[in-house]
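One-letter residues, chain by chain:
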Amino acid sequence: MGKLVLGIAVGCAVMSCVIAGVMVGRRIRSRRRWWNVVTTVEEFKETTETSVERLRQVVDAMVVEMHAGLASEGGSKLKMLLTFVEKLPDGSENGIYYALHVGGTNFRILRIQLGGQRSILAHDVDRKPIPQILMTSTSEEFFDFIALSLKEFIERKGDNLQLSHDRGKDLGFTFSFPVKQTSVSSGTLIKWTKGFAIEDMVEKDVVECLQKALSRRGLDMNVAALVNDSVGTLAVGHFLDNDTVAAVVIGTGTNACYIERADAVIKCQGLLTTSGGMVINMEWGNFWSSHLPRTSYDIDLDAESQNPNDQGFEKMISGMYLGDIVRRVIHRLSLESDVFGPLSSKLSTRFVLSTPLMAAIHEDDSSDLSQVAKILEETLDIHDVPLKVRKIMVKVCDVVTRRAARLVAAGIVGILKKISRDGTGGISSGRNKGYKSGKMRRTVVAVEGGLYTSYTIFREYLNEAVAEILGEEIAPYVILKTMEDGSGIGAAMLAAANSARNVDTVQVL
Ligand code: BGC
């Protein structure tokens, strides 16, 4: 009997040891997995590092590429496209103008009434999502949709059209893709970006396609200006503030433009001799430099995209891609550990995590990160993750957004450096030494796009990095101004500026 009791006791003790051993083993394994997750995130953070030294290298690389792109056609990945915009609105324009804006997920139609003295008396906008199917259809179907939408808009809101003599018939067209312009109101599409792929459109004249579609719908309107969204943003920026010299768009895609001296556009010397300056559409989404902090996630994203080896800067910065970089990191973490629970198939779906959702995760300020939990559940099919895992999610968003915002800041300072507005006198320009010669001028950069206007942390990181790169003496002279709907309004203003009826009311650059 005694032996039996002893046996049971020994058995129990052994059992307890085994259970304890299993539990300790599990805990060690779980700690190790957690450690792996933390290490992977830390490594990701290190590879995306954007110290001010590195950002300054990006600034210089941007300046070098700008020079190369201006020197010869194909001289750089930066196309540095001529816009033929030699006149920017100065606030004195008046009349009713329409604008169409095609470029991101939404299509916009605008009607504005300008009243002179920098005033916008009325401003009507309609936003419509572009049906996915049209983004890969034919040019005729695509432009028919645009013309029909404009017709409906005029029927609904354009009741003053007849009252406004002919002025209401001038139209500005913001087309936010790389276009080789042949005049301020004509140009051919070079390539699609941002998921659009209407093959028969490439190399076609964009305005001709629109003008034909307008005629098919019986709309007697004149496309007076074809502009990139960055150029539209610059136009409205300049309309509101004459010190505006550059504009940046950070939305679904990204781009920048600025006012360049005509004699700096070496690739077109002959063409531009009579003009003092011209707006240059940089198409900076395609910028590339070995100084950009690229990760394996960026490489994979690019390889699986519709346009591999293209738009490299855009793929690190813009709204179309940021959410997907986060998704890729979370996918990797889920493959390496079980901290996100069983592997969710949603994590292999490209673009399932949009950038607005990523921003919502990043900006969740609830104590238990309930918004993060909700998005994980509803969008990624990941359930019941503990708080520390939700925090990891926020951290990944932070790393991705911080890098993007700081790279945009470097791009902006690159432009300022090129035109000697960064306080250093520029890389090669002997003239206008800016701050050093006591000439530092107030410099405004107009900024449009949801990442800047609606994603507060992104905006803060960007502003902070611009100030960091410029230094505290120069930074106060550089002002970034938000332009809501700027690109569309700007196109209408450029239609006004280039309208035969308004030739006296514009400012020559
Ligand atoms: C296009 C640019 C455009 C930018 C912002 C890029 O993908 O190439 O033309 O300005 O997106 O919309």
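Small disclaimer: the values here were computed from a predicted structure and weren't measured.

**Thoughts on the site of the ligand**
Part 1 of the argument: As a structural note, the neighbourhood of the ligand is formed by 14 residues, with T193, K194, D229, E283 and E314 the closest of them.
Part 2 of the argument: S176 has a polar backbone atom sitting 3.5 Å from an oxygen atom of the ligand.
Part 3 of the argument: A distance of 2.5 Å separates an oxygen atom of the ligand from a polar side-chain atom of D229.
Part 4 of the argument: For the ligand, whose free accessible area comes to 310 Å², the fraction covered by protein is 98%.
Part 5 of the argument: Tallied by class, residues from the shell around the ligand come to three nonpolar, seven polar and four charged.

**Quick look at helix α2 (residues 52-71)**
Part 1 of the argument: Between the first and last C-alpha of α2 there are 29 Å, a value that for 20 residues agrees with the 28 Å anticipated at 1.5 Å per step.
Part 2 of the argument: Turning to α2, its buried residues are V52, L55, V58, V59, A61, M62, V63, M66, G69 and L70.
Part 3 of the argument: Elements in contact with the buried residues of α2: β11 (254-261), β12 (277-281), α7 (312-317), α11 (387-418) and α13 (456-470).

**Side note on unusual backbone geometry**
Part 1 of the argument: The phi dihedral of Q117 is positive, around 50°, even though this residue is not glycine.
Part 2 of the argument: With respect to the helices and strands, Q117 occurs in the loop between β4 (106-115) and β5 (120-129).
Part 3 of the argument: Phi is positive for S420, which is not a glycine, with a value near 60°.
Part 4 of the argument: Within the element layout of this structure, S420 appears in the loop between α11 and β13 (443-448).
Part 5 of the argument: Among the residues examined, S420 registers a relative accessible area of 4% and is labelled buried.

**What to know about the confidence of the model for the chain**
Part 1 of the argument: Summing up the model confidence of the chain, the mean pLDDT is 89 and the portion of residues at 70 or higher is 86%.
Part 2 of the argument: Here residues 162-168 is modelled with pLDDT under 50, and outside its nearest four sequence neighbours on either side it reaches 12 contacts, counting other chains as well.

**Considering the side chain of Q311**
Part 1 of the argument: Relative to the elements of secondary structure, Q311 occurs in the loop between α6 (296-303) and α7.
Part 2 of the argument: Q311 gets classed as buried once you look at its relative accessible area, which sits at 1%.
Part 3 of the argument: Separated by 3.2 Å, the side chains of Q311 and E314 make a polar contact.
Part 4 of the argument: Excluding residues that lie within four positions of it along the chain, Q311 makes contacts with K191, T193, G285 and N286.

Reading the values: the criteria
Residues numbered from 1 in each chain as written. Predicted model: local features only at pLDDT ≥ 70, side-chain atom pairs only at ≥ 80, totals over all residues. Heavy atoms only, no water. Near = heavy atom within 4 Å. Polar contact = N/O pair within 3.5 Å; in protein donor to acceptor, adjacent residues only side chain to side chain. Areas by Shrake-Rupley, 256 points an atom, 1.4 Å probe, with all protein chains shown as cover. Nonpolar A, V, L, I, M, F, W, Y, C, P; charged D, E, K, R; others polar. Helix = DSSP H or I, 4+ residues; strand = E, 2+ residues; numbered from the N terminus. Expected span 1.5 Å × (residues − 1). Buried < 20%, exposed > 50% of the residue type's maximum accessible area, 1.4 Å probe, protein only. Contact = heavy atoms within 4.5 Å. pLDDT = per-residue confidence, 0-100.

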